[in-house]
Each structure stands twice: as structure tokens, then as C-alpha cells.
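# Structural overview
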Amino acid sequence: MRGRTVLATTLLTILGAAKAQAQDVPGIEICTVEKTMERRTSCLQSNVNFLQQTLGKLRLDQQQRLDAANRQVEALKATVVALQKTVEELQAAQKKPAPAAKEAPAPAAAKDAPAAKDAPAPAKDAAK
């Protein structure tokens, strides 16, 4: 029982503190309800200060996002350049072996020709 009482008291204290903090949060106030001119002026100035702070925070946030996006664009541009270079190298490498492939079989055929001459002779012997 005593534990529940302590828990309930603690929760009420926390909720009461949260409620008190919520009243201190700056924001837009309705200044027309103020009776005196000094209080209205103070209220309006408070609203102006709040809006300027909010705009400053939003401007900073947007500038950070824009800078991050620009960095990402530059990184992507560098990646595209690297990929284009790789594609060009692959295309160049693909074109070079084609003529070399035509030349390469000719010497290979020349090497195989003597072996081919040797091969039919045993085949003739095997046929007899």
C-alpha cells in the first residue's frame, strides 16, 4: 500500500512539473485580450521575437539540408564521371581483342598444322 502511495505522489509531482513547464513554452499569444498598451506591446514583441527565432532555426535547418544535398550531388557527379571512364575503358578493351583475336588464331593454326600433319599419318596407319 505504501508503495502505491509513493508511486501516485511521484506521478502527480511529475505531471504537475510537466504542466508548469508547458506554460513557459514560448509561442504566439493572442495580444488583443490585453487591456493596457504596455502589455499589448510586450505581447506583440514577444510574438515577434518568437517568430524571428523560429525563422532563424528554419533558415539554418534548410541551409544545412541544402548543403547536404549539394554535397550529395557533387558525390554523384564524381561517381558518374568514374562510371563513364570505366565504361569507356571496357568499350576500348572490348574493341582491342577483336582484331587481336583474328591474329591469334592464325599462329595457333600454324602451330596446329604440323600436329595435324602428324595426326593423319597415324590415322592412316590405324585404318590399314
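Anything mentioned here points back to the structure above.
These remarks concern the structure in this document. Computed from a predicted model, the values in this text were never measured in an experiment.

Turning next to the overall build of the protein chain. Looking only at helices and strands, the protein chain has five helices and zero strands in total. In the protein chain, the succession of α and β elements from N to C terminus is α-α-α-α-α. Here the protein chain holds 128 residues, and 4% of them are scored as buried.

Enumeration over the complete set of coordinates arrives at three salt bridges. Of the charged contacts in the structure, one is a salt bridge between Arg39 and Glu34, with a shortest N-O distance of 2.8 Å. Given the relative accessible area of 18%, Glu34 is considered buried. A salt bridge links Lys77 to Glu74, with the shortest nitrogen-to-oxygen separation between them at 3.8 Å. Residue Lys77 and its partner Glu74 are located together in helix 2 (residues 37-95), separated by three residues, close to a single helical turn.

What follows is about the side chain of Asn47. Within the secondary structure, Asn47 is located in helix 2. With a relative accessible area of 9%, Asn47 lands in the buried category. Apart from residues lying up to four places away in sequence, Asn47 is in contact with Gly27, Ile28, Glu29 and Cys31.

Definitions and cut-offs
Chains are numbered independently. Their residues run from 1 in the order of the written sequence. The model is predicted, so local features are restricted to residues of pLDDT at least 70 and side-chain atom pairs to those at 80 or more, both for listing and for counting; the totals for chains, interfaces and linings are taken over all residues. Only hydrogens and water are set aside when side-chain values are computed; all heavy atoms of the structure are taken into account. Secondary structure elements are defined from DSSP: runs of H or I of at least 4 residues count as helices, runs of E of at least 2 residues count as strands, and each element is numbered from the N terminus. Exposure classes here rest on a 1.4 Å probe applied to the protein chains alone. A residue is buried below 20% of its type maximum, exposed above 50%, and partly exposed in between. The working definition used for a salt bridge is a side-chain nitrogen of Lys or Arg within 4 Å of a carboxyl oxygen of Asp or Glu. Between two residues, a contact is recorded if the distance between any of their heavy atoms is within 4.5 Å.

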